[in-house]
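# Close look at the chain arrangement
Here's the letter readout for the chains.
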Amino acid sequence: MFGMMMQSQLTLTGIMRHAQSNFPNSEIVSVTADNPQHRYTYRDAFTRAAQLANALQKLGAQPGDRIGTLAWNDYRHFELYYATSCSGLVCHTINPRLFPEQIAYIVSHAEDRWLFIDPMFVPLLEALAEQLPGVKGYVVLTDSAHMPDTSLPNAICYETLLESEPTEFAWPELDEQTAAALCYTSGTTGNPKGVLYSHRAMVLHTYGVLMPDVFALQGDEAVLPVVPMFHVNAWSIPYAVPAVGAKLVFPGPKMGCGETLSNLMQREGVTIAAGVPTVWLALLKHLRETNETIPSLNRVVVGGSACPWSIMQEFEEKHGVYTHHAWGMTEMSPLGTYNARIPATVPADEAKALRLKQGRAAFGVEMRIVNDQGQPLPHDGTAFGALQVRGPWVCERYYRAEESALTADGWFDTGDVATIDPQGYLGITDRTKDVIKSGGEWISSIELENFAMTLPGVAEAAVIGVAHEKWAERPLLILVAAPGAQLDPQAVLAAFKGKVASWWIPDDCIVVEELPHTATGKISKKDLRQQFADYQWPEEATA
Ligand code: AMP
């Protein structure tokens, strides 16, 4: 017997209508290249989204067409999110930090019809335009006063495009399975792969993000997504915030600048912000140097890579800000797990160990770990294996792929290696390809990095496996010293004794000026491995 409830479709149009009816006066504040302090309301934003939807129709966009964006976090990008998805088009966000060849590959693979680009990326696209015959034209996200001279074919100024369009649009009633957005994985191996999000997945994911033990967003908050809108829809913040009517604060191109973030947070009364660890290192450094404080801020969400304890500690002890550790990936829209506030009654050591983990699955996500034969391992907090997931916002197959991306029994393999404890806490120990295989056993590079980050004078730490005659691979620790600090490699290695299993202790430690980072701000282990391809172990380490 079926239930007898309405078959309302779960679409992003529903979020837009809800925000329009209930929170028309909530604000969106942005930094853009042409305005350091743009401010308007949801009413204005969705009116302009309607104008943009009309304009896209006039440009000949057909249902399902991919509309590419190379843009920062700002109000025009927000308008694009809603105008495209809610009119039946696909918002394809492109990471401008990728290599030009990768951008050309992604635009061609997605068959983008129009590209909406920040003025900063005009030279990049001019150099690529010949390789992109399928792109009908380029819309530059600026006003006529700032429109650059360009050789791009069919270049249009965004504000001119919107100017004379009607402020109403007949938004179609979409099937909830309609594609809403497309995002390519950063592609550390092989070509980037496209993840095609449906309206239904995005709406369910929005509910997941909003839950009390996840972001717990409320209408009277101000939210600063420092995670880029070109990377997994800024963790869905542009959908979740309008769903509750909170204020949205966009940092524009200044995402990695501690001073900009601090100023924005103070001026706009930001209560919650989300970003990768490197962003928080920049903010904390700025706060240390200037003695500034951000009284309104009460929590930050950290994900994308493991959050070092030093970040959690400094936020909490100096600023009274609670750090929530989260884990997810492009293929999961991206929310997988979230580390909710640990009650103050939990003893400090236990609380620290729990907070360094990535948290519990958000309702909607199921997780398991399996061994090399695909057999499930116990959730005892010790056994570690390949982490697999399933749920309504997890990718089933990549865009334009013939086959499913799932295992024979319907799980998605994340490429991460993890433990799960009896209370459901996930501990990511590595990426499958980064785990160090020493004498048939696995060593977690993340655990070693986490410990290295607790040592005084260490600004950044990475551990890679380097070929070893006897053990197949051994861990090599590579560090960046904090400004003004001197690191003694031998003393650093000695500090590991008694803190990790003796055979986990790295065989050598090297201090470098800087570590390579990927286009999404993570330490690039792939580049590091290349950099140290000719590395030779010291004599005593080869014994
Ligand atoms: P991406 O698809 O680019 O967002 O990358 C997803 C990958 O980032 C995951 O599969 C993990 O390897 C890594 N990752 C994300 N969040 C965390 C975290 N909190 N701790 C450790 N690794 C993380």
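By the naming in an unreviewed UniProt entry, the protein is Fatty-acyl-CoA synthase, taken from Microbulbifer marinus. Here the protein is described in UniProt, under the heading Sequence similarities (unreviewed entry), as follows: "Belongs to the ATP-dependent AMP-binding enzyme family."

## Topic: the pairing of strand S3 (residues 66–70)
Across the five residues that make up S3, a large majority, five, are buried. On S3, burial covers both faces: Arg66, Gly68 and Leu70 on one face and Ile67 and Thr69 on the other are all buried. Judged from the four bridges that link them, S3 and strand S4 (residues 90–93) form a sheet pairing that is parallel. Paired with glycine 68 across the strands is histidine 92, a residue of S4. Crossover handedness for the path S3 to helix H3 (residues 75–86) to S4: right-handed. Pairing between S3 and strand S5 (residues 114–117): four bridges, direction parallel. From the neighbouring strand, leucine 70 faces S5, where its bridge partner is isoleucine 117.

## Things to note about the domain arrangement of the protein
Taken domain by domain, the protein holds domain 1 (8–21 + 32–198) and domain 2 (435–541). If you average the C-alpha positions of domain 1 and of domain 2, the two centres end up 41 Å apart.

## Some words on the UniProt feature "domain: AMP-binding enzyme C-terminal" (unreviewed entry) in the protein
In the numbering adopted here, UniProt assigns the feature "domain: AMP-binding enzyme C-terminal" (unreviewed entry) to residues 447–522. Along residues 447–522 the backbone is 18% helical and 34% strand, and the end-to-end C-alpha distance reaches 16 Å.

## As for the sheet that holds S5
Ordered in space as S7-S6-S5-S3-S4-S8-S9, the seven strands form an open sheet in which the pairing is mixed. The open sheet terminates on both sides in strands that have one partner only, identified here as strand S7 (155–157) and strand S9 (194–198). Going across the sheet, the axis of each strand differs from the next one's by a mean of 25°, ignoring polarity. The pairing of strand S6 (residues 137–140) with S7 spans three bridges and is classified as parallel. Counterpart to valine 139 in the pairing with S7 is isoleucine 156.

The rules behind the values
Residues numbered from 1 in each chain as written. Predicted model: local features only at pLDDT ≥ 70, side-chain atom pairs only at ≥ 80, totals over all residues. Heavy atoms only, no water. UniProt positions renumbered as here; feature names shortened; annotations may be inferred. Buried < 20%, exposed > 50% of the residue type's maximum accessible area, 1.4 Å probe, protein only. Helix = DSSP H or I, 4+ residues; strand = E, 2+ residues; numbered from the N terminus. Pairing = 2+ DSSP bridges. Right-handed = clockwise from strand over helix to strand, strands pointing away. Domains from an automatic or database assignment. Axes fitted to C-alpha atoms, helices over the stretch in contact; angles between N-to-C directions.

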